[in-house]
Amino acid sequence: MKTIRVVIKVGGSLISEAPALLNRLVKEFGSGHSEATVDEQVSDEQVSGSPLFSILIVPGGGIFADAVRGADERFGLGDDAAHWMAVLGMEQYACYLQDKSSAQVTDSITEQSFGVSILFPYRLLKTEDPLPHSWDVTSDTIAAWVAKQTGALFIKVTDVDGIFREGKLAREVFATDFSENFESCIDPFLPEFLLKNRMECRIINGKFPERVIRAVYGKPVPCTTVKGNI
């Protein structure tokens, strides 16, 4: 039975739309099924003909991380304190998504269920501590790290169609094209991470759930693919 793993980072800019997006994903792919349960429910024809999807939702920081930024600007937090407070902001967004959707939750990336699950990231990140503590490293790069660890496809959903250049949607952007002054909807550290790990990230407008579903199925949608696997 083929399993396709997908990590979807849900941006804080979608806080109003995210519950509907997650519920649409759950309707399409289910939520929280173990391998044994799936084996009992699917027929031999389904097993041989269709892959199963394990979709892990990594929450952004949104308004919760913004509160930490505000505290940092006002009180001058240390890098370590700001980092872990911002990760706890991701936990708050995860709580919000859990409350507002029918998706199951997890704090593990080693025991992923089939269907859609929301990741509570603090315990995992506190144990592994895999990334620099800096405002250049946000939930984008954290989600990319989760995708790398799980061998998953990586999709970032946000409130825009992707990256625009001269007013037009760029279908592809190479990680090597980014510079310190490059304006985009991804965090400054992500291109370097994608390049180092030979990964790519598809940026998709989460206000259109059907686009996200098509992307999970590997079908073309309006988006920007940031390519580090060159």
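How each quantity is defined
Residues numbered from 1 in each chain as written. Predicted model: local features only at pLDDT ≥ 70, side-chain atom pairs only at ≥ 80, totals over all residues. Heavy atoms only, no water. Buried < 20%, exposed > 50% of the residue type's maximum accessible area, 1.4 Å probe, protein only. Helix = DSSP H or I, 4+ residues; strand = E, 2+ residues; numbered from the N terminus. Pairing = 2+ DSSP bridges. Axes fitted to C-alpha atoms, helices over the stretch in contact; angles between N-to-C directions. Parallel < 35°, antiparallel > 145°, perpendicular 65-115°, else oblique. Left-handed = near helix turned anticlockwise from the far one by under 90°. Contact = heavy atoms within 4.5 Å. Nonpolar A, V, L, I, M, F, W, Y, C, P; charged D, E, K, R; others polar.

- An unreviewed UniProt entry lists the protein chain under the name Delta 1-pyrroline-5-carboxylate synthetase, from Methanosarcina siciliae C2J.

### Some details on the pairing of strand E5 (residues 114-119)
Successive side chains on a regular strand alternate, one facing one side of the sheet and the next facing the other.
1) Next: Taken across its 6 residues, E5 has 6 buried, putting it largely inside the fold.
2) Next: Of the strand pairs in this sheet, strand E3 (residues 52-59) and E5 are connected by 4 bridges, and their pairing is parallel. Paired with Leu56 across the strands is Ser117, a residue of E5.
3) Next: Pairing of strand E4 (residues 104-106) with E5 involves 3 bridges; the strand directions are parallel. Paired with Thr106 across the strands is Leu119, a residue of E5.

### Focus on the packing of helix H4 (residues 62-75) against helix H5 (residues 79-100)
1) Next: Orientation of H4 relative to H5, taken along the N-to-C sense of each, is 155°, at an axis distance of 7 Å. In terms of orientation, H4 and H5 fall into the roughly antiparallel class. Remark: the crossing between H4 and H5 carries right-handed chirality. Where H4 approaches H5, its residues Phe64, Ala65, Val68 and Asp72 are matched on the opposing element by Ala82, Met85, Ala86, Gly89, Gln92 and Tyr93.
2) Next: Looking at the contact of H4 with H5 residue by residue, the class counts come to 7 nonpolar, 2 polar and 1 charged.

### With respect to unusual backbone geometry
1) Next: Even without being a glycine, Asp129 presents a positive backbone phi close to 45°.
2) Next: When you line up the elements, Asp129 lands in the loop between helix H6 (122-128) and helix H7 (139-150).
3) Next: Here Glu166, not a glycine, exhibits a phi torsion of approximately 55°, which is positive.
4) Next: Tracing the chain through its elements places Glu166 in the loop between strand E7 (164-165) and strand E8 (168-169).
5) Next: Look at Glu166 and you get exposed, because its relative accessible area is 84%.

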